[in-house]
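The primary structure of each chain is shown beneath.
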Amino acid sequence: MWNDLVQMFSYPFMTRALLVGILVSLCAAVLGVTLVLKRYSMIGDGLSHVGFGALAVAAAFQIAPLYLAVPVVFGAALILLWISETGKMKGDAAIALFSTGALALGVMIVSMTKGMNADLNNYMFGSILAMSEEDVRLSVILTVAVLLLYVLFYHKIFAVTFDETFAKATGVKVGLYRAVLAFLIAITIVLGMRMMGTLLISSLIIFPALTAMRVCRDFKSVILCSVVLAMISFTVGLAVSYMLATPTGASIVVVDMVFFLIFSIIGARK
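To start, this report covers the structure provided alongside it. (Residues numbered from 1 in each chain as written. Predicted model: local features only at pLDDT ≥ 70, side-chain atom pairs only at ≥ 80, totals over all residues. Heavy atoms only, no water.)

## Some details on the overall build of the chain
Assigned secondary structure in the chain consists of 13 helices and 0 strands. In sequence order, the chain lays out its α and β elements as α-α-α-α-α-α-α-α-α-α-α-α-α. By sequence separation, contacts in the chain at least 24 residues apart represent 77% of the contacts at least 6 residues apart. Put simply, the chain shows about 13000 Å² of open surface, and 70% of that area lies on carbon and sulfur atoms. (Helix = DSSP H or I, 4+ residues; strand = E, 2+ residues; numbered from the N terminus. Contact = heavy atoms within 4.5 Å. Areas by Shrake-Rupley, 256 points an atom, 1.4 Å probe, with all protein chains shown as cover.)

## Focus: the nonpolar core
Within the largest apolar cluster, 81 residues are counted, with the highest numbers of intra-cluster contacts made by Leu 31, Ile 43, Leu 47, Tyr 150 and Ile 223. It is helix H10 (residues 174–196) that provides the largest number of residues to this core, a total of 15 residues. In contact with Tyr 150, not counting residues within four places along its chain, are Val 30, Leu 31, Thr 34, Ile 157, Leu 184, Phe 219 and Ile 223. (Core = buried A, V, L, I, M, F, W, Y, C linked by side-chain atoms within 4.5 Å. Buried < 20%, exposed > 50% of the residue type's maximum accessible area, 1.4 Å probe, protein only.)

## Here's the deal with the packing of helix H8 (residues 154–162) against helix H12 (residues 219–244)
The N-to-C vectors of H8 and H12 enclose an angle of 110 degrees; their axes lie 12 Å apart at closest approach. Our classification of the angle between H8 and H12 gives roughly perpendicular. Residues Tyr 154, Phe 158 and Phe 162 of H8 form the contact with H12, whose participating residues are Phe 219, Lys 220 and Ile 223. (Axes fitted to C-alpha atoms, helices over the stretch in contact; angles between N-to-C directions. Parallel < 35°, antiparallel > 145°, perpendicular 65-115°, else oblique.)

## Regarding H10
Given a rise of 1.5 Å per residue, 23 residues ought to cover 33 Å, and the 31 Å separating the end C-alpha atoms of H10 matches this to within 8%. Burial analysis of H10 places 20 of its 23 residues in the buried class, which makes it a mostly covered element. (Expected span 1.5 Å × (residues − 1).)

## Focus: the packing of aromatic side chains
If you walk through the whole model with that rule in mind, you get 7 aromatic pairs. Pairing Phe 158 with Phe 219 gives two aromatic rings, centres 5.0 Å apart and planes at 70 degrees, and the pair type is edge-to-face. Residue Phe 158 is located in helix H8, and its partner Phe 219 is located in helix H12; the two are separated by 61 residues in the primary sequence. By relative accessible area, which is 35% here, Phe 158 ends up partly exposed. Classification of Phe 219 as buried rests on a relative accessible area of 8%. Three or more aromatic residues joined by ring pairs form one cluster here, namely Tyr 150, Tyr 154, Phe 158 and Phe 219. (Phe/Tyr/Trp six-rings, centres within 6.5 Å; stacked < 30°, edge-to-face > 60°.)

If you want it as structure tokens, here you go:
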């Protein structure tokens, strides 16, 4: 087994996958805590469908995928957060509306052009092992930017997460930091789609946060535990995928499920 692991990381594409996967997992873990606490757990699923629609449009008009997908998903995230906070529509209803509409649009565009090409197929089901060096460089830059912005605005995001009304009363520009949160979510979702696929990206956001909350009680400890779990789950899932020849995204989710069950048992005994 040890020899298999050594051999696994001797391949350049595996080391690229490990680097990008850990960074994206870190972003998803820290943002996932905020989203779960604000009851936006399924926003990742909805935005990934919006991202797929944007990627289909980009493919049809031969536009660089990230240049279109990031602003479109950012706009959708802003609208979803605004709708949920203003009460114009229930959050789950808004997510369902966006996700089904965008996915249907994406499928129609694909069927009217050249069909399901390899890139769109990768975004639908995930294909982190197929990332090029250019993909890796761009992913590293964007994920580092997400982490730096999160650290920089940590206290404001904390205030907006727990009580927007109180935060607004104390002078916090809630709208601005809601936009920052939407921007961070958009980048993480678009990058995570290449790793987990449209169908599984929400698990990257939900599982580490929910698992950490089984045993941790304060915000910082939940974030730290969530980050560690996300890194371990990705690494173990990647190794399982390599040794058993299973899909990478599904392998990571199965590992997340195992950790969730273990932490649930530990939390129940406290």
